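Okay, here's what each chain looks like letter by letter:
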Amino acid sequence: MRCSIIIQECCLHCPRGARCSQIPSYKYHVNALNPWFLGDMKTALNIDTLKGKHAGDTKSLHHNPGPGFLSAFSFRDEITSCPERLDLDRRALTEFPHLDGFDRLRLLNLQHNNISKMQPLKHLQNLVILDLYGNQIFDMCGLSSLKSLRVLLLGNNRIQRICDMDGLGKLDALDLRNNQISEIENLSALSCLRSLNLSGNRIRRVDNLQGLNSLIELDLRNNTISLVTDVENLPRLQRLFLSHNSISSVCALASLCGCLSLLELCVDGNPFALESCYRHTVLQSCNTHLQLLDMKRVTEEERRTASASARKEEEKKKESHKQAAHKERRRLAVLNASQIWAGLKPNLDLPVLRASKEEGSPEISPAHSPALTNGNALETSPEEPRRLSPAAGESKQRSVRPSSPRDSRLQETPGPGVQTLSLSEHHLAELEGSTLRLFGPRALDALDRSWGVQTAASVSTIIFTFMHFDCIATVFLRIRLKFPNLTHLVFEQTGLTQLSQLASLAQIRRLDQLTLDPEGNPLLQLTLWRSFLIYRLQSLNLQRVNGTEVTMNDVVASERMFAALGHVAATETPRFRLLLLLEESRKRQLQFALDGRGRGAAVSPEEDLKENSRALFNYSSRNSEDPERTLMLQQYLRALLQSVSDVSMKMEALQKLWPSLFLEMLRESVCEMKDLSAFRRRRLHTITHTP
């Protein structure tokens, strides 16, 4: 328990002992100065010597001749009788007394006067205690020359700034209570300081405590402190008083965790101390080695409870750090996948909106052929895709803006119920509720993992991001078999560029919703993609496309637009291809009939042809193509392009020569018909002798 020890050793056995014992001005109040300080003061002041030298001396102080003025003669007898001590308490002094020649002075009491400014004290090299309590001092300059000073009492003054303390290396106690100080500073040179009182000031933050390696007690009551730091730099601190401040949270005392020597702490009168369980919170968050908290002894039960709470809090922090590290790994994985995808975008065969002379005829592809609707030809839209040769495609690629690192997908924080299935530097696969998210091509490997029946059945939505659609098309069959309740597919940044790519979605067999993100899927810039999707995936019975409901009018419009085109494609398809399609269809019908799920086996070839016309739009991904067949087709197309190019060049040359050729032919004809009879004979001879 903190106690206030009144130091009176300097006045014991003095010549005015009987009178001094009744004068309170000789009582030097230093809060919580323990016996260690009392013993040191006895040694510093040579109390025993003073007892022997001045025994029996009963001279009293002369009366002060006038307020605000003190001559050397008014206290010369006092200095003569006790040259090591001088008491000028309550003398109404307005200036610091001139003490030249009093080099032996060790104790100087000037409290309760009106002194406003310090004087140079270089001659008082033996001064140990200086009491200026209760004056009007506003500047501390002039103290650094007191090399032997051990106790400095400057409470109840008007000091605004701590300064000029560099030379006080032996100072043990410093009292600056009830001043106007707003910042702790310039104390690093006080390596021997053991007691510091800064209560009743205007301090807002506890810091700048470096160098106070001997400090045992720190009193900061009745300030406006809201944050405590640097306390861990006080290796010997045992008592800390922070009562009646503005500390609103125990987090402001976090630095106390590093102060293992602290035994006593007072925090009452702060806003956070109004809570009923604040003692447990302080013991848990700050220091479990405290013996006294707010003048009450800490029981073992409180200590055990605080230790258990501290362990739980530490486990929570570790788990929080683990989650933060996982979130960072997730963010980096998504970011790396997006960067890799941004590098692959220039290699995509993006559709172009303008035809060039080097492009092939639009009638080559069925998607560009005019479709017949009610006997009328539908002209091709200029926004429909035109296939380019590989060389032309590379030269006319359109730059696509790469995903920004600030993309919402990169900053999205997963919820607490997210299960990470696969995570590396370049891919991420995670399951949140009924939604499966896949980032990067390697994330598709998560589909091959061992899935529980309930887990697989719970997946209803799959989101593909930062991977090419051709890679996704290879796993549609596995997706259909593994996730029986799948109803929604989302494609973000998957490089959809061709209408025929949408045909591969027919492998899913059941789908209610389909979402295609316009960013990263250039196909959505075309006008017919939605109609083609509804026509080709009519068997899936889609309910919504990109959040928009599929109505019966949409289905009818898609049939009018693509049904005739499908019929033309079916009738113009080579016979072996049609037979192969019909054979596969018959096999499926037979299998469904045996399982009791399909329609009757007796289906006319016309119905088969109508039913399979949509299958002619199937898309063969790059991964499934035969390299030899691809090479042969490329060579054949190059030969065709060369032939077309030659014919075009000949046509251009003919167009240039045709006027002169026509004139020459006309001139020859006129010249030949000048002699009409001779011309007739030549023609008849030619006709007669021509076999």
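Conventions used here
- Residues numbered from 1 in each chain as written.
- Predicted model: local features only at pLDDT ≥ 70, side-chain atom pairs only at ≥ 80, totals over all residues.
- Heavy atoms only, no water.
- Helix = DSSP H or I, 4+ residues; strand = E, 2+ residues; numbered from the N terminus.
- Buried < 20%, exposed > 50% of the residue type's maximum accessible area, 1.4 Å probe, protein only.
- Contact = heavy atoms within 4.5 Å.
- Core = buried A, V, L, I, M, F, W, Y, C linked by side-chain atoms within 4.5 Å.
- Phe/Tyr/Trp six-rings, centres within 6.5 Å; stacked < 30°, edge-to-face > 60°.
- Lys NZ or Arg CZ within 6 Å of the ring centre and 35° of its normal.
- Salt bridge = Lys/Arg side-chain N within 4 Å of Asp/Glu carboxyl O.
- Pairing = 2+ DSSP bridges.
- Axes fitted to C-alpha atoms, helices over the stretch in contact; angles between N-to-C directions.
- Right-handed = clockwise from strand over helix to strand, strands pointing away.

In the nomenclature of an unreviewed UniProt entry, the protein is known as Leucine-rich repeat-containing protein 49 of Danionella cerebrum.

(A) Layout of the overall build of the protein. Helices and strands together make up the secondary structure of the protein, namely 17 helices and 25 strands. A burial count over the protein gives 42% of its 691 residues as buried. Residue pairs in contact within the protein that sit at least 24 positions apart in sequence constitute 50% of those at least 6 positions apart.

(B) Looking closely at the nonpolar core. If you look at the biggest cluster of nonpolar residues, it comprises 71 residues, and the most contacted ones within it are Leu-130, Leu-152, Leu-174, Leu-220, Leu-242 and Leu-265. By residue number, the principal contributor to this core is helix 5 (residues 278–285), which donates 3 residues. Residues Leu-421, Ile-472, Ala-473 and Val-555 belong to the second largest nonpolar core, which totals 51 residues.

(C) Broad picture of the packing of aromatic side chains. Here the structure, examined in full by the defined rule, presents 10 aromatic pairs. Judged by centre distance (6.3 Å) and plane angle (80°), the rings of Phe-272 and Tyr-278 are edge-to-face. Ring geometry for Trp-658 versus Phe-662: centroids 5.9 Å apart, planes at 45°, classification tilted. Of the two residues, Trp-658 and Phe-662 both sit in helix 16 (residues 627–672), 4 residues apart, roughly one turn of that helix. By relative accessible area, Phe-662 is classed as partly exposed at 42%. The cationic tip of Arg-449 hangs over the ring face of Trp-451; the distance from NZ or CZ to the ring centre is 5.3 Å.

(D) Fine view of the pattern of salt bridges. The full count for this structure, using the stated rule, is 19 salt bridges. For Arg-478, the salt bridge is made with Asp-448, and the minimal N-O distance between the two is 2.5 Å. In this pair, Arg-478 is assigned in helix 11 (residues 476–482) and Asp-448 in the loop between strand 20 (435–439) and helix 9 (453–458), connecting sequence segments 30 residues apart. We classify Asp-448 as partly exposed; its relative accessible area is 48%. A single network of salt bridges, built from pairs that share partners, joins Arg-330, Glu-430, Glu-432 and Arg-437.

(E) Up close: the sheet that holds strand 21 (residues 461–465). The strand order across the open sheet built from 8 strands is 18-19-20-21-22-23-24-25, with neighbouring strands paired in mixed fashion. Strand pairing shows two members of the sheet lacking a second neighbour, strand 18 (418–423) and strand 25 (548–549), which therefore form its edges. Sheet topology note: the strand 22 (residues 488–492)/strand 23 (residues 513–516) ladder contains 4 bridges and is parallel. Following the sheet pairing, Phe-491 is matched in strand 23 by Leu-516. On top of the sheet, helix 6 (residues 300–344) reaches strand 18, strand 19 (428–432) and strand 20; it is set at about 55° to strand 18, its chief contact.

(F) A look at the environment of Gly-495. Position of Gly-495 among the secondary structure elements: in the loop between strand 22 and strand 23. For the pair Gly-495 and Pro-522, spaced 27 residues apart in sequence, the C-alpha to C-alpha distance is 6.8 Å.

(G) Structural context of the sheet that holds strand 3 (residues 85–87). Across the sheet, which stays open at both edges, the 11 strands sit in the order 3-4-5-6-7-8-10-12-13-14-15 with mixed pairing between neighbours. The outermost strands of the open sheet, each flanked by one partner alone, are strand 3 and strand 15 (296–297). Summarising the sheet, strand 5 (residues 129–131) and strand 6 (residues 151–153) pair through 3 bridges and their orientation is parallel. Bridging across to strand 6, Ile-129 finds its partner in Val-151.

(H) View of the pairing of strand 20. The buried fraction of strand 20 amounts to 5 of the 5 residues, a majority that puts the element mostly inside the structure. Burial of strand 20 is two-sided: the residues Thr-435, Arg-437 and Phe-439 facing one way and the residues Leu-436 and Leu-438 facing the other way are all buried. One ladder, built from 5 bridges, connects strand 19 with strand 20; its direction is antiparallel. Each bridged residue has a counterpart across the sheet, and for Ala-429 the counterpart in strand 20 is Leu-438. Counting the residues between successive antiparallel strands, the hairpin from strand 19 to strand 20 contains 2 residues, one of them, Gly-433, with a positive phi of roughly 65°. Bridge count between strand 20 and strand 21: 5 bridges; the pairing is parallel. Each bridged residue has a counterpart across the sheet, and for Arg-437 the counterpart in strand 21 is Ile-463. Running through helix 9, the crossover from strand 20 to the neighbouring parallel element strand 21 is right-handed.

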